[in-house]
Number of protein chains: 2
Amino acid sequence: MPNRPTDDPDTHANWPHVLILGGGFGGLAVARRLAGARVRMTLVDRRNHHLFQPLLYQVATASLAAPAIAAPLRQILRRQRDLTVLLDDVIGVDTSAREVRLAHGTLHYDMLVVATGSTHAYFGHDEWAPFAPALKTLDDAFLIRRRVLLAFEHAERENDPARRQAWLNFLVVGGGSTGVELAGTLAELARRTLPRDFRRSDPRRASVRLIEAGPRLLPAFDPLLSERARRQLERLGVAVHTGTAVTHIDAQGVNLGDQRLPARTVLWAAGVAASPLGRMLGAPLDRAGRVQVRPDLSLPMHPEVFVIGDLADVQQPNGKPVPGVAPAAKQMGEYVGAAIRARLDGKDSPTPFRYRDAGSLATIGRMAAVAQFGRLKLSGFPAWAVWLLAHIYFLIGFRNRLVVMLDWAWAYWTHERHARIVSGQDETDEAENR
Amino acid sequence: MPNRPTDDPDTHANWPHVLILGGGFGGLAVARRLAGARVRMTLVDRRNHHLFQPLLYQVATASLAAPAIAAPLRQILRRQRDLTVLLDDVIGVDTSAREVRLAHGTLHYDMLVVATGSTHAYFGHDEWAPFAPALKTLDDAFLIRRRVLLAFEHAERENDPARRQAWLNFLVVGGGSTGVELAGTLAELARRTLPRDFRRSDPRRASVRLIEAGPRLLPAFDPLLSERARRQLERLGVAVHTGTAVTHIDAQGVNLGDQRLPARTVLWAAGVAASPLGRMLGAPLDRAGRVQVRPDLSLPMHPEVFVIGDLADVQQPNGKPVPGVAPAAKQMGEYVGAAIRARLDGKDSPTPFRYRDAGSLATIGRMAAVAQFGRLKLSGFPAWAVWLLAHIYFLIGFRNRLVVMLDWAWAYWTHERHARIVSGQDETDEAENR
């Protein structure tokens with residue numbers, strides 16, 4: 001048996017154990033910031049991979065293959081010999097005993113970092129979930145890819161014009177970044193990628209609608225950019241409905257109050273809820289289920305427990321909450337890693353966490369995007385170029401950067417999407433057609 | 001509505017309708033050979049993609065992403081304006097009415113080409129299927145990838161040494177090309193790719209066994225190469241058992257007669273059966289369910305129905321059957337395409353189909369393979385180099401060739417596998433561990 005730090009009684013067994021729950025942007029940042037510190041670390045995740053979520057919609061719309069935006073956590077953290085990765089589910093947290101109960105065992109901790117992020121929410125309408133899948137995991141992306149690609153196949157087989165059109169109607173609920181990105185990419189898929197591939201139906205007859213309950217798209221952006229995003233979407237052929245609430249969803253379409261829109265494919269990009277792990281900590285939660293933390297991101301009664309990323313409710317000096325975006329999670333992870341190091345050195349608690357807004361980006365389509373950096377506002381091609389560079393730069397792993405660049409260059413010149421592969425069962429198939 | 005040939009009453013409606021069932025190597029070859037002929041064509045497949053099956057084991061063992069070896073049929077056939085692709089299931093064939101019943105409608109044909117290939121068979125032991133998945137589709141490959149990668153995760157969580165080792169025991173049943181390729185790649189995964197990624201368990205303790213009921217591996221090759229393949233596998237750490245029949249398989253392992261081998265991961269590469277579509281044609285079948293065709297690959301009573309590829313039972317002049325390999329399917333497809341063209345021109349039936357053996361290749365691992373071209377026999381690095389070039393050359397689509405080359409170069413230098421991504425549910429998880 002080779003020397004393995006955690007098996008070896010001589011080394012490090014008496015070092016404090018830092019347990020990190022979640023291998024997203026926040027959890028990884030903690031692990032990296034603590035590399036070489038006098039701690040043993042365990043990182044637990046339900047999945048074996050870190051996911052570059054900002055590009056997940058490209059897997060869902062057949063532009064990228066899954067391995068291009070996902071990397072095994074073990075591989076990312078391989079060099080940290082004092083860190084153990086475990087694939088497991090968290091069942092419970094006992095903050096007084098300092099224990100986390102997993103599906104396959106219990107772990108004691110000296111310090112705990114909870115970074116399990118958020119999940120999607122249907123605002124009390126969980127019955128809509130089967131008809132309007134949301135996008136959070138790779139499995140979600142595969143499901144959406146399958147539904148979207150098979151909708152065009154159903155349209156090709158269908159002879160009744162109204163039923164055919166229902167298969168060509170796509171509805172995206174929610175006008176945040178994900179909704180805008182999905183709607184724009186769907187419109188390009190229908191108008192640029194697919195037309196020459198079908199004989200009986202015409203993909204260009206696809207109707208893509210984006211429905212937002214609030215008064216404008218991309219509420220996190222400046223109103224000017226919301227308007228620009230709308231115009232760019234409309235140029236791609238997307239019908240944008242703001243100030244419009246969805247009141248019902250079923251397999252055949254949606255209701256907007258009295259109005260009925262027939263559509264066989266509805267995608268949900270409207271609601272986000274904090275990870276259910278927040279409720280296990282016995283700490284106060286905000287309305288969205290996020291954990292209210294102290295200025296140093298620890299729990300009020302438990303300075304040894306930190307909550308970071310989408311799961312943490314942190315106020316900025318301007319009174320607004322820190323947004324649930326990847327850079328914020330990363331900054332919180334780095335902050336907590338530094339805070340733990342300071343404590344190990346017997347130093348005082350650091351100054352409160354401060355979020356540095358690096359800007360906001362949302363892409364709409366080929367050469368269409370909006371970007372906001374402080375007072376600088378970009379749209380169209382310049383915003384798209386910034387988006388492209390930023391996303392390639394932040395993608396984890398040199399190989400993935402290379403592959404994604406190749407894929408995008410290919411897609412840019414050919415309008416092809418190489419990941420137009422359907423696997424799994426077609427769960428939208430109708431028994432009555434058999 | 002744009003001009004679409006099949007919608008346009010002026011054009012081609014009175015041309016004969018050639019219906020092709022299956023978009024594998026055979027079906028695609030027919031479609032391509034008939035491009036520009038005075039026929040209307042429809043190609044029906046259950047899946048939306050052509051699959052480069054010779055490399056499927058690389059998706060199963062996390063070396064390649066699915067889109068690298070699969071391409072949408074619509075995209076491949078886009079330029080053939082007189083060809084319609086339909087995604088559908090075949091329910092029945094009525095050769096007297098010249099009709100094929102699909103799950104979503106019925107198609108009349110003037111000429112029918114059945115190219116639906118083969119599926120795996122458990123020789124009357126279908127109860128083994130859940131414990132020993134086989135490799136035929138992309139979904140199969142994802143299932144195997146999930147089981148293999150999660151087995152190492154289970155081993156990492158397991159504290160009991162015997163149970164841990166059971167998760168590190170891998171059994172491959174069947175010593176043909178697929179079995180040899182799977183066993184060799186698994187051994188490399190355990191010994192080269194994973195060791196540095198685990199802390200509590202040691203992937204190098206994995207045991208990979210290859211079990212073949214017949215007297216030697218790779219029965220389609222010269223006995224010398226069978227022996228070379230065995231030696232190369234053993235050098236990689238694979239234990240090879242020939243002349244050994246599996247008598248029982250369950251979730252905990254397999255029985256070889258009186259001997260019990262505990263193993264949580266068993267892969268099935270032993271049996272192939274013809275597609276069930278063969279039984280719908282009312283023609284005589286051989287013992288493996290393949291359709292006995294005339295020398296021109298048509299049915300005895302129905303000269304307008306052709307059967308090609310793995311589903312066809314064709315004798316060579318030397319008395320041996322044409323093997324169920326991709327080049328044979330391709331050659332049959334080209335032959336039938338030419339035969340249909342000849343008939344349209346009122347020419348005589350062509351000379352009987354003759355299989356040209358282009359050689360056989362099987363890869364074992366990095367720089368390890370066997371190859372046979374007539375009397376030329378290669379093994380080790382030269383065979384591997386030929387294998388590499390041949391597979392890159394035959395991969396459909398320039399982009400895929402490029403991506404696969406990049407992936408392989410990357411894997412070669414780093415021993416990494418970029419597709420080590422688990423999605424879907426872990427169906428091997430034990431309730432008693434919860």
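Below is a summary of the structure that appears in this document. (Residues numbered from 1 in each chain as written. Chains lettered and ligands numbered in written order. Predicted model: local features only at pLDDT ≥ 70, side-chain atom pairs only at ≥ 80, totals over all residues. Heavy atoms only, no water.)

Moving on to helix H9 (residues 381–394) of chain A. Relative to the 20 Å expected for 14 residues at 1.5 Å per residue, H9 of chain A spans 20 Å between its end C-alpha atoms, a close match to the ideal helical length. Those residues of H9 of chain A not exposed but buried are Ala-383, Trp-384, Trp-387, Ala-390, His-391 and Ile-392 of chain A. (Helix = DSSP H or I, 4+ residues; strand = E, 2+ residues; numbered from the N terminus. Expected span 1.5 Å × (residues − 1). Buried < 20%, exposed > 50% of the residue type's maximum accessible area, 1.4 Å probe, protein only.)

This next bit is on the packing of aromatic side chains. Under the criterion given, the structure shown has 17 aromatic pairs over all chains. Between Phe-152 of chain B and Phe-198 of chain B, the ring centres sit 6.3 Å apart and the planes meet at 45 degrees, which makes this aromatic pair tilted. Taken together, the positions of Phe-152 of chain B in helix H5 (residues 138–157) and Phe-198 of chain B in the loop between helix H7 (177–193) and strand E12 (207–211) put the pair 46 residues apart, joining distant regions of the chain. Joined through ring pairs, the aromatic side chains of Tyr-122, Phe-123, Trp-128 and Trp-268 of chain A make up one cluster. Between the NZ or CZ atom of Arg-264 of chain A and the centre of the ring of Trp-167 of chain A, over which it lies, the distance is 4.1 Å. (Phe/Tyr/Trp six-rings, centres within 6.5 Å; stacked < 30°, edge-to-face > 60°. Lys NZ or Arg CZ within 6 Å of the ring centre and 35° of its normal.)

Turning our eyes to something else, we now look at the pairing of strand E8 (residues 105–108) of chain B. Residues and elements named next belong to chain B. Direction of pairing for strand E7 (residues 99–102) relative to E8: antiparallel, over a ladder of four bridges. Its bridge partner being in E8, Leu-102 is matched across the sheet by Gly-105. The antiparallel pairing of E7 with E8 creates a hairpin that spans two residues between the two strands. (Pairing = 2+ DSSP bridges.)

In this section: the sheet that holds strand E9 (residues 111–114) of chain A. Residue and element names in this part refer to chain A. Strands sit in the order E5-E2-E1-E9-E20 across an open sheet of five strands; the sheet is parallel. Each edge of the open sheet carries a strand with a single partner, namely strand E5 (83–87) and strand E20 (305–307). Taking the axes of each pair of neighbouring strands and ignoring which way they run, one obtains an average angle of 15 degrees across the sheet. With three bridges joining them, E9 and E20 adopt parallel strand pairing. Directly across from Leu-112, in E20, lies its bridge partner Val-305. (Axes fitted to C-alpha atoms, helices over the stretch in contact; angles between N-to-C directions.)

A word on unusual backbone geometry. Residue and element names in this part refer to chain A. One non-glycine residue, Ala-62, lies in positive phi territory at about 70 degrees. Examined against the element boundaries, Ala-62 turns out to sit in the loop between helix H2 (56–60) and strand E4 (70–72). Residue classification places Ala-62 among the buried residues on the basis of a relative accessible area of 1%.

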